[in-house]
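So the chains spell out like this:
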Amino acid sequence: MRRLNRKKTLNLMKELDAFPKVPESYVETSASGGTVSLIAFTTIAFLTIMEFMVYQDTWMKYEYEVDKDFTSKLRINIDITVAMRCQYVGADVLDLAETMVASADGLIYEPVPFELTPQQKELQRMLQIIQSRLQEEHSLQDVIFKSAFKSASTALPPREDNSLQSPDACRIHGHLYVNKVAGNFHITVGKAIPHPRGHAHLAALVSHESYNFSHRIDHLSFGELIPGIINPLDGTEKIASDHNQMFQYFITVVPTKLHTYKISAETHQFSVTERERVINHAAGSHGVSGIFMKYDISSLMVTVTEEHMPFWQFLVRLCGIIGGIFSTTGILHGFGRFVAEIIFCRFRLGSYRSTSVPLPDGHTSNHLPLITDNSTH
């Protein structure tokens, strides 16, 4: 009884077989079929390699939402060298809430030569090349995000000791914590002092002839300091053409959450618009000489996530490639053989010549003679 049930089950499974085997004696091979098979296998191998490369690669996904965090402090990372002595310049921040953040809270004034060493010039030139490429090809920003913490720091290498160069500039570097509202970070003549209506700078004791706001921005970023990330103003150098000259940078800061397979950090991206002009009150160009960075905080937050193709999706795409190539080449091969057979058949019919049979009355017949069984003997 059990054997009978097994036979019934096996017979049922045989009827459901969707892949019946054809005996080899019924299979006909051809040179054209072998050629098409070789092309199909080569195409499958090439597309499989390309698909595996896509599977190994990752991409960045950008999501946007409203930033609801307005109570936390915003960190500003600064490394700027100004071509004036440290006792002549002062840096601070004044936000829309009329809150002044003095530079003594986190900035360091370091006397240095303004001229860079050959090694520092090479790094600055490389940064400027990268900045120009980033402006042309925005997709390179994804590569920078992926290489965060893996690539070397973009800070200038330390200066070699050189007693021939006297410190004629001031390097202002460090960080500040400010309110998460629009503000103005500026470097101008004189040290900042508190004032009931805001603040002021003691510039009366500094001669106008010593004004020189030529500057170099080695680094400027907002939020957590992430090595390897290149910011829009890194490597920027401006040379003043006049003693009384104002440099303005209008910055829009966008809060950004970065999640990659290597790191997870909260930082800020920003875009910048530059403007510079000479202060000439007689010509109607009013203002104060110095470097002014006016920043505004965007209400939107960007979440950048590194994504990878799932393994099941890779398998589905791979099966689609293999099955699609086999089906397409089979259809094309069958269609090609059909067209070839039609052409050869017409060619044979056209090359066939009919025979003439003489009749007793002197006429000829173009019809083929009827072949009977007696005629074959």
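Residues numbered from 1 in each chain as written. Predicted model: local features only at pLDDT ≥ 70, side-chain atom pairs only at ≥ 80, totals over all residues. Heavy atoms only, no water.

As for the overall build of the protein chain
Next, step 1: A tally of helices and strands in the protein chain yields five helices and 17 strands.
Next, step 2: By the burial criterion, 34% of the 377 residues in the protein chain qualify as buried.
Next, step 3: Taking as baseline every contact in the protein chain between residues at least 6 positions apart, the subset at least 24 positions apart corresponds to 79%.
Next, step 4: Of the roughly 24,700 Å² of accessible surface on the protein chain, 60% is carried by carbon and sulfur atoms. (Helix = DSSP H or I, 4+ residues; strand = E, 2+ residues; numbered from the N terminus. Buried < 20%, exposed > 50% of the residue type's maximum accessible area, 1.4 Å probe, protein only. Contact = heavy atoms within 4.5 Å. Areas by Shrake-Rupley, 256 points an atom, 1.4 Å probe, with all protein chains shown as cover.)

Quick look at the packing of aromatic side chains
Next, step 1: If you walk through the whole model with that rule in mind, you get nine aromatic pairs.
Next, step 2: Each ring, one from F52 and one from F314, has its centre 6.3 Å from the other, and the planes form 65 degrees; the classification is edge-to-face. Pair noted here: F52 is in helix 2 (residues 31-56) and F314 is in helix 5 (residues 311-351), with a separation of 262 residues, a long-range link.
Next, step 3: Classification of F52 by relative accessible area gives partly exposed; the value is 40%. (Phe/Tyr/Trp six-rings, centres within 6.5 Å; stacked < 30°, edge-to-face > 60°.)

Describing the side chain of T58
Next, step 1: Relative to the assigned elements, T58 resides in strand 1 (residues 58-66).
Next, step 2: Reaching out from T58, the side chain makes a polar contact with the side chain of E306 at a distance of 2.7 Å. (Polar contact = N/O pair within 3.5 Å; in protein donor to acceptor, adjacent residues only side chain to side chain.)

Brief notes about a nonpolar patch on the surface
Next, step 1: Judged by side-chain polarity, F335, F338, V339, I342, I343 and F344 come together as a nonpolar surface patch covering roughly 600 Å² of accessible area.
Next, step 2: With respect to the helices and strands, the residue I342 is situated in helix 5.
Next, step 3: The exposure class assigned to I342 is partly exposed, which follows from its relative accessible area of 35%. (Patch = residues over 30% accessible without salt bridge, like charges linked within 9 Å, V, L, I, M, F, W, Y side chains within 5 Å. Salt bridge = Lys/Arg side-chain N within 4 Å of Asp/Glu carboxyl O.)

A few points about the pairing of strand 13 (residues 264-278)
Next, step 1: Of the pairings in the sheet, the one linking strand 10 (residues 215-223) to strand 13 comprises two bridges and is antiparallel in character. Opposite F222, over in strand 13, you have H268 as the bridge partner.
Next, step 2: When strand 12 (residues 245-259) meets strand 13, the two strands line up antiparallel, connected through 15 bridges. In the strand pairing of strand 13, T252 is matched with S271.
Next, step 3: In textbook terms, the turn of a hairpin is the stretch between consecutive antiparallel strands, and for strand 12 and strand 13 this stretch comprises four residues. (Pairing = 2+ DSSP bridges.)

Some details on the nonpolar core
Next, step 1: If you look at the biggest cluster of nonpolar residues, it comprises 35 residues, and the most contacted ones within it are F185, I187, I251, M293 and Y295.
Next, step 2: Where this core is concerned, the elements lending two or more residues are strand 2 (73-82), strand 3 (89-95), strand 6 (169-179), strand 7 (183-189), strand 10, strand 12 and strand 14 (290-297).
Next, step 3: Of all the elements, strand 2 adds the most residues to this core, at five residues.
Next, step 4: Apart from residues no more than four positions distant in its own chain, I187 is found in contact with I80, V82, V89, G90, A91, I172, F213, G290 and I291. (Core = buried A, V, L, I, M, F, W, Y, C linked by side-chain atoms within 4.5 Å.)

Regarding the pattern of salt bridges
Next, step 1: Taken as a whole and assessed by the stated rule, the structure comprises 13 salt bridges.
Next, step 2: Where R216 meets D218, a salt bridge forms, and the shortest distance between an N and an O atom there is 3.3 Å.
Next, step 3: Since its relative accessible area comes to 9%, D218 is described here as buried.
Next, step 4: Ionic contacts of the salt-bridge type, sharing partners, join the residues K61, E63 and E307 into one network.

Considering the side chain of R216
Next, step 1: Secondary-structure assignment places R216 in strand 10.
Next, step 2: A polar contact of 3.0 Å, which involves the side chain of R216, links it to the backbone oxygen of F114.
Next, step 3: Side chain to side chain, R216 and D218 meet in a polar contact 3.3 Å long.

A short note on the pairing of strand 10
Next, step 1: Among the nine residues that make up strand 10, nine are buried, leaving the element largely enclosed by the rest of the structure.
Next, step 2: Looking at chain direction, strand 2 and strand 10 are connected through seven bridges and run antiparallel. Residue pairing in the sheet places N77 in a bridge with S221 of strand 10.

Some words on helix 2
Next, step 1: When the terminal C-alpha atoms of helix 2 are compared, their 38 Å separation across 26 residues agrees well with the 38 Å that a helix rising 1.5 Å per residue should span.
Next, step 2: Taken together, the buried positions of helix 2 are occupied by G33, A40, I44, E51 and Y55. (Expected span 1.5 Å × (residues − 1).)

A look at the environment of F311
Next, step 1: Within the secondary structure, F311 sits in helix 5.
Next, step 2: Look at F311 and you get partly exposed, because its relative accessible area is 48%.
Next, step 3: Taking the C-alpha atoms as reference points, F311 and Y55, 256 residues apart in sequence, are found 8.0 Å from one another.

Some words on the confidence of the model for the protein chain
Next, step 1: Scored by pLDDT, the protein chain has a mean of 78; 75% of the residues are at 70 or more.
Next, step 2: Averaged pLDDT values over the elements of the protein chain bottom out at 52 in strand 17 (residues 364-365) and peak at 92 in strand 14. (pLDDT = per-residue confidence, 0-100.)

Structural notes on the environment of I80
Next, step 1: Within the secondary structure, I80 is located in strand 2.
Next, step 2: In this view, I80 contacts C170, R171, I172, F185, I187, H215, R216, I217 and M293; residues no more than four positions away in its chain are not counted.

Looking at the environment of S241
Next, step 1: Examined against the element boundaries, S241 turns out to sit in the loop between strand 11 (236-238) and strand 12.
Next, step 2: Distance in space between the C-alpha atoms of S241 and V278 is 8.3 Å, their sequence separation being 37 residues.

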